[in-house]
Structure formats: structure tokens, C-alpha cells
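# A closer look at the structure
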Amino acid sequence: MEHKLLKILQSCKSLRELKQTHLQILIHGFQDSNFTLPKLLTVSTQLGFIDYAFRVFRHCRFPNVVVYNTLINCLVGKDPCDALRVYDQMKVSGVAPNSFTFTFVLRCFQSSGALKDGEVIHGEIVKLGFCSSVFVQNTLLDFYAKCGENLDSAGQVFDEMPERDVISWNSMITSYMACGEIETALSLFNSMPERNIVTWNSVISGLSKAGNMELARSVFERMPERNEVSWNSIISGYVRLGDVKSARCLFDDMPEKTVVSWTAMVSGYTMIGDLESARNIFDQMPNKNVVSWNAMIAGYVHNHVFDQALHMFSQMLIDAKCRPDETTLVSILSACSHLGSLEHGKWVDSYIKRSNFSLSIPLGNALMDMFAKCGDIENAKAVFDKMPKRCIITWTTMVSGLSVNGKCREALDIFDSMCSSGVKPDDVIFIAVLSACTHGGFVEDGKRIFDQMVWKFGIKPRIEHYGCMVDLLGRAGKLEEAVRFVESMHLEPNAVIWATLLGSCKIHGNGNFLESVTRKIIQQEPSNPSYLTLISNLSASVGRWKDAFTYRMAMRQQGVEKVPGCSSIQVGNEVHEFLARDTRHEERKNIYEALYCLNIHLDAACDGTL
């Protein structure tokens, strides 16, 4: 009967089912069984009914070490403080802990702040004579490696161990590798009396992550046997360094390729911009998982082939073997943002809602950024308001989104509300809020915020902050004040600063600073086509035709051409990209005819003949 009740208990899905099964346990007298009681506690905590688990525990007449250990273990991942309270109660009740008790209790401490508490447990381990237990000592090694500020304590435990097994050696080697102490790790590796494949893989993985591929390859070649972890570690190491050629050679030699190795090669080719090879590898994959799809989609996004990223996402949905995860959606939303494809972005938003994705910080930020960049600021605000948690990037995205959509006063209000809520601003959000002041023409607010950044928050201005202030003053026509501001900067003004000032001179038709500012730009960026064009245009606008002609001729003689502007528009399900004076588009003839008709219509409207 007990076996039958254990099976029923395992299948419980709700508190009602749990209580019904518990009642049957009580009726049949198994409430104190060493098999049934621990299982009842485990199922209760797994289903999230921790209070019920405590009630069951309190009614236990004679809880033994197995019962205490079970409850402690169940609570470690839920509430470590409760787990420690159960351990304290165990000591008070006189139940002696065993080696499993200490392995569970030490897992309660996962940060350097808990080091002192862990050291207390270490003292109790010594006091109760568990220093000879390899099992307990290995747990102590793991604790000190994760929580210690350095590996001195872990090393001391290792040195004092009367007996070590291969797990002890592997723990120390892995820890030293993770801390970058490669020589110490290798010294231990060479001193090991016996190695297993985990040992070899730990060394290869550590060396690969450290970028020491020559030594990693040497260790790899010496391995008596290899498994997929060995091959994937060395392949991934070459991929991280961008040495895809070496990675491909190993990949081709790999006896049994796994989805991890295939995906590593896809990522490697996308990293170096070889999307054709990446796609070939992807298409050849016998099995794909969500990480494989994400690697290909992210590869297209990172290489600015956004329309192909959307197409790949569509193929993923059609394939239907892998469900998109949060990483997939963040990449796709980024593609929508860059293309300005609101229609695709709204579909992704509806997919998120239909699939019941929680609005995490990364996903919420990506969704909000997409709406803002596609001009739908109301939906961006709605996402912002719905986000249960926010980070500084969330606030920055909202401030920037409001600013570029012309709601500059709201951007400043959001920033002020962030500061009032106790969130500390960083240097990036100040660039966003100063840009909002620039777009809104809020000169006094800009000065106040710049001073707030420096004096209240102690943030040293970057060249971007200075650029925003110069732009703000210049656009407002305060050119002399802008020049004085540039002269007071603690950084050397770059060409962008001078070009910003020059652009302001053009806006206000002020040629007074033309000669001095032009000289600064030419000194720093003598061949930049955008700046040379700006200088030429400004010279022409203030009547200096000879100077304008000189700069134009210099550009032609040097073969310098300004990169044409590019824009995109979505028609139906297809995104079309256009260059200035485009000659590549299939419908260019019809497009130019339509533009010609519109120009005639506008000319007529301006002349008053319509």
C-alpha cells in the first residue's frame, strides 16, 4: 500500500490532491515512514506549498536525520534562511547531523557576504569529526571556491584533506582555471595521481576560455580519450578567438557532431561576417535546437541583414520544432527596430502576449525600444508602465524614445521621476536627457541637468555630453556661449564638437566663426566627406563662393565622396531600402515618376495656383 501511495503522491498537481493523498497516508499510518514522510515534504515544496510542508513537519512525532535533511534540502533553493532555521532546530532537538546535512547546509551560502556563516559551519564540521569525509570536504572546497574572495581557504582545505578523490582535484583545477590562475591549475593537473575525462575537459575548457589555444590544443592532443565536451570546448575556443579556419578543421574531424558543435560553427562564421558559410552549416544541421536558430538570427542582426533575420524567424515558426524563447524575440525586435518595421514589431508583441511570455527586463526593454524607434510612442509608454521591474537601461530607453518622438518635456519628467524614485543615473542616460533638451530647445534645463550630472552625481563628462551641450547652445543661437563652453572643456574638442558648432553657424547664417572652426576640423578630419560637405555648404550659404568651390574641388581631386543617405519603408510584408538618388530598385522608374508628379503638385501649391 505504501508503494501505491508514493506513486499517487508523485502525481499530485494541486493542494487539494496533496491533502487528499496526505489523508490516505494518515489513515494507513504511514505518516512517520522514512519513505513516505520525506516524499510528502519534497512534493509539498516542489509544488510551492512551503507552509503546508512545515505543518506536516511540525506534526511529525519523531523526526530523524533523514526527515531534517529532506526539508533542509527542499528549502535551500526556495528560502535558504528557512533551511538554516531548520538546521538550528535540528541541533536543538538533539538529532545528530550526517555528511548529507552539511552538503545541503553549505549550499545555502552562495555569495561572498555569506563567507563568515559558512566558516561557522566549517567549524562545526571539524568539531563533529567530519574532516575525514571526502564527501563533506569536497562540498567545503566548492563552497570556498564560490564564496571566498580568493582561493586561499579552498587551497587550505585541499592541503589538509587526509584523503582526496578525483572530484577534489577536479574542483581545485576548475576553480583555479576560473580565477585565471592557469599555472597553479596546470601544476595540480600534472600532480594528479589519477585523471578522468572530466579533468582533461576542465583543463581544455579553462585554457580555451583564457585564449591560450596553443596549450589547449596540446592538452587536447594528449587526451587518452575524448568525448563531445572535449571537442566542443576546443572548437568553441577557436571560435571565440575568431580563428574559424582552425575550428572548422576540428569540426570536420569530429567523429560524432552534436548540436552544440554545429551551433558553435554557425556562431563562428557569423562573428567574422561570413553569413553564407554560416547559413550553409545551419542548413546542413541534422537537428536544430532553439540556440541554433538564435545563433543564425542573431548573426543576421549583428551583421545588419535585418530582413533575413525576419525571414529566418518566419522559417523557425513554420518549422515549429523549436519554440522561440526570450533571446529569439529580443533579436527579432532589434531587427524590427533597425528596419522601422512597426507591422512586424506589433506581430511580435501579439506573439509575446499569446505565448504568455513574462515581461522580463531584457524583453520589455527590446519591445519598448522597438515601439519608440518605429514612432509608436504610446505603445512604448504602455510597455514601460506594465514592466514589473526596471533597470537603468529601461529608463534610458524611455527617455530617449520620448525625445526622438518629439515629447521632450515628457522625457525630462520621466528622468526627474527616476531620480526621485532613488534610481541612480549613469553617464548614458545623461546623454539621452541632454539630447532631449537639445531637441526641445530647453537651454536652462540642459544647463541644470549638466550641472546636476557633474556636481550631484559626480559623473565626469564624456565628449558626448559636451557635444550635447554645444549642440543645445548652438541650436538656440547662443554661439558665443557655445564657443566659451568648448574652450572650458577638460577634454580636447574633437572634430564632432567643431562640426556641431559649424552646423549651428549654418542654421543661423553666422559666418563669424567659419574660418577658425573650419581650421580645427581640417586639422582633425581632413578627409571626412560629411565635414567637408558641411564646410562647403556653409561657405556657400554666407556668400563665400570661392571657398565653397575650393572645398568641392579638393574633394573631387582626393576622390572623396559623401556616403549617400539610406532609408527604408515597409510595404506589405516586405521592407524596401533606398539610397539617395537610388538606381538599383526594380520599381525606380515608377517611383521617380511619382516623385516628379508630387514635386509639380507641391510647386503649384506653393505658388498658389492650386
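Once a new chain begins, its residue numbering starts again from 1 and follows that chain's sequence as written. Per-residue local features are limited, in this predicted model, to residues with pLDDT of at least 70; the limit for side-chain atom pairs, both in listing and counting, is 80 or more; totals at the level of whole chains, interfaces and linings are taken over all residues. To get the side-chain values, take all heavy atoms of the structure and skip hydrogens and water.

### Some details on the overall build of the chain
Along the chain, the regular secondary structure elements total 35 helices and 2 strands. Think of it in three bands: with a 1.4 Å probe and only protein chains considered, a residue is buried below 20% of the maximum accessible area for its type, exposed above 50%, and partly exposed in between. Across the 610 residues that make up the chain, the buried fraction comes to 46%. As displayed, the chain offers around 32,000 Å² of accessible surface, 52% of which is attributable to carbon and sulfur atoms. Only DSSP runs of H or I reaching four residues or more are called helices, and only runs of E reaching two or more are called strands; each is numbered from the N terminus. Using a 1.4 Å probe, the Shrake-Rupley method yields the accessible areas, and only the shown protein chains count as cover for residues.

### Some details on a nonpolar patch on the surface
A cluster of nonpolar side chains, L23, L26 and I27, forms an exposed patch at the surface whose accessible area comes to about 290 Å². The exposure class assigned to I27 is exposed, which follows from its relative accessible area of 58%. Like charges are joined within 9 Å and nonpolar side chains (Val, Leu, Ile, Met, Phe, Trp, Tyr) within 5 Å, but only among residues with over 30% relative accessible area and no salt bridge; these make up the patches. What counts as a salt bridge is simple: a side-chain nitrogen of Lys or Arg found within 4 Å of a carboxyl oxygen of Asp or Glu.

### Observations concerning the nonpolar core
With 170 residues, the main nonpolar core has I72, F109, I234, I235 and F430 as its most contacted residues. With 8 residues, helix α27 (residues 427-440) is the largest single contributor of residues to this core. Note on definitions: a residue-residue contact is assigned when non-hydrogen atoms from the two residues lie within 4.5 Å. Every residue in contact with I72, bar those within four places of it in the chain, is listed here: A83, V86, Y87, M90, T101, F104 and V105. Take the buried Ala, Val, Leu, Ile, Met, Phe, Trp, Tyr and Cys residues and link them wherever side-chain atoms come within 4.5 Å; each set so joined is a nonpolar core.

### A few points about the pattern of salt bridges
Pairs can form between side chains of opposite charge whenever their charged atoms are close. A full pass over the atoms with the stated rule returns 19 salt bridges. Between R226 and E221 there is a salt bridge; the shortest N-O distance is 3.6 Å. The network of salt bridges with shared partners includes D88, K91 and E124.

### Concerning the side chain of S331
Tracing the sequence through the fold places S331 in helix α21 (residues 326-339). Classification of S331 by relative accessible area gives buried; the value is 13%. The contact partners of S331, leaving out residues within four places of it in the chain, are I297, A298 and V301.

### With respect to helix α13 (residues 197-209)
Compared with an ideal rise of 1.5 Å per residue, which puts 13 residues at 18 Å, α13 spans 18 Å between its outermost C-alpha atoms and is within 8% of the ideal. Buried within α13 we find T199, W200, N201, S202, V203, I204, G206, L207 and S208. Those residues of α13 hidden inside the fold are in contact with α11 (166-178), α12 (182-191), α14 (213-222) and α15 (228-240). N or O atoms closer than or at 3.5 Å make up a polar contact, with two conditions inside protein: a donor-capable atom paired with an acceptor-capable one, and, for residues adjacent in sequence, both atoms drawn from side chains. Of the residues flanking the start of α13, the one acting as N-cap is N196, its side-chain oxygen 3.2 Å from the backbone nitrogen of V198. A helix's residues, less one, multiplied by 1.5 Å, set its expected span.

### Considerations on helix α10 (residues 152-160)
Taken together, the buried positions of α10 are occupied by A154, G155, V157 and F158. Seen along its axis, α10 keeps its buried residues to an arc of 160°; they face one direction. Pointing more than 90 degrees away from the buried face of α10 are the exposed residues D152, D159 and E160. Contacts from the buried residues of α10 go to α8 (115-127), α9 (134-147), α11 and α12. Think of it as the arc spanned by the lines of direction from the helix axis to the C-beta atoms.

### Some details on unusual backbone geometry
Of all residues except glycine, most have a negative phi; of all peptide bonds, most are trans. Despite not being glycine, A320 has its phi angle at roughly 65°, a positive value. Along the polypeptide, A320 turns up in the loop between α20 (306-319) and α21. For A320, a relative accessible area of 60% gives the class exposed. The backbone phi angle of N356 is positive, close to 60°, even though this residue is not glycine. Inspection of the secondary structure assignment puts N356 in the loop between α22 (342-354) and α23 (361-373). The class of N356 is exposed, set by a relative accessible area of 68%.

### Details of the packing of helix α26 (residues 408-420) against α27
Packing of α26 against α27 brings their axes to within 8 Å, and their N-to-C directions diverge by 150°. Classified by the angle their axes make, α26 and α27 are roughly antiparallel. As α26 runs across α27, the sense of the crossing is left-handed. Between α26 and α27, the residues in contact are C408, A411, L412, F415 and M418 and I429, F430, V433, A436, C437, H439 and G440, respectively. Each residue is assigned to one class: nonpolar for Ala, Val, Leu, Ile, Met, Phe, Trp, Tyr, Cys and Pro, charged for Asp, Glu, Lys and Arg, and polar for all the others, Gly among them. Considering only residue class, the contact of α26 with α27 consists of 10 nonpolar, 2 polar and no charged. Axes here refer to lines fitted to C-alpha atoms; in helices the fit is confined to the stretch in contact. Angles between the N-to-C directions go from 0 to 180 degrees. Should an angle lie under 35 degrees it is considered roughly parallel, over 145 roughly antiparallel, and from 65 to 115 roughly perpendicular; all remaining angles are considered oblique. Each crossing gets its handedness from the near helix: less than a right angle anticlockwise from the far helix is left-handed, clockwise is right-handed.

### Quick word on the UniProt feature "repeat: PPR" (unreviewed entry) in the chain
UniProt positions are given in the numbering used here, feature names are shortened, and annotations may be inferred rather than shown by experiment. Sites flagged by UniProt as "repeat: PPR" (unreviewed entry) map to residues 64-97, 165-195, 196-230, 258-292 and 391-425. The straight-line gap between the two end C-alpha atoms of residues 258-292 is 11 Å; of that span, 74% is helix and 0% is strand.

### Concerning the packing of aromatic side chains
Paired rings are identified among Phe, Tyr and Trp, the last through its six-membered ring, by centres lying within 6.5 Å, and are further divided according to the angle between planes into stacked (under 30 degrees), edge-to-face (over 60) and tilted (the rest). Considering all chains together, one arrives at 21 aromatic pairs under this definition. A network of ring pairs unites the aromatic residues F313, W347, Y351 and F357 as a single cluster. Between the NZ or CZ atom of K288 and the centre of the ring of F282, over which it lies, the distance is 4.9 Å. Counted as over-ring charges are cases with an Arg CZ or a Lys NZ within 6 Å of the ring centre that also lie within 35 degrees of the ring normal.

### Looking at the side chain of T103
Note on placement: T103 falls in helix α7 (residues 99-106). Taking the relative accessible area as the measure of exposure, T103 reaches 7% and is therefore buried. With residues up to four places along the chain from it excluded, the contact list for T103 reads F135 and T139.

### Let's talk about the environment of G440
Here G440 is to be found in helix α27. The class of G440 is partly exposed, set by a relative accessible area of 29%. Placed 32 residues apart in sequence, G440 and L472 show a C-alpha to C-alpha distance of 9.1 Å.

### Comments concerning the packing of α13 against α15
One can describe the packing of α13 onto α15 by two numbers: an axis separation of 9 Å at closest approach and a directional angle of 5°. Our classification of the angle between α13 and α15 gives roughly parallel. Residues I197, N201, I204, S205, S208 and K209 of α13 form the contact with α15, whose participating residues are V229, S230, S233, I234, G237 and R240. Residue composition of the contact of α13 with α15, by class: 4 nonpolar, 6 polar and 2 charged.

### Here we look at the state of the cysteines
By definition, disulfides here are pairs of cysteine sulfur atoms that lie within 2.5 Å. Following the criterion strictly, the structure yields 0 disulfides and no others. Unpaired in terms of disulfides, C81 finds its nearest cysteine sulfur in C108, a separation of 8.4 Å. A relative accessible area of 47% means that C81 is categorised as partly exposed.

### Focus on the environment of L140
Relative to the elements of secondary structure, L140 occurs in helix α9. Setting aside residues up to four positions removed in sequence, L140 forms contacts with L106, H122, I125 and V157.

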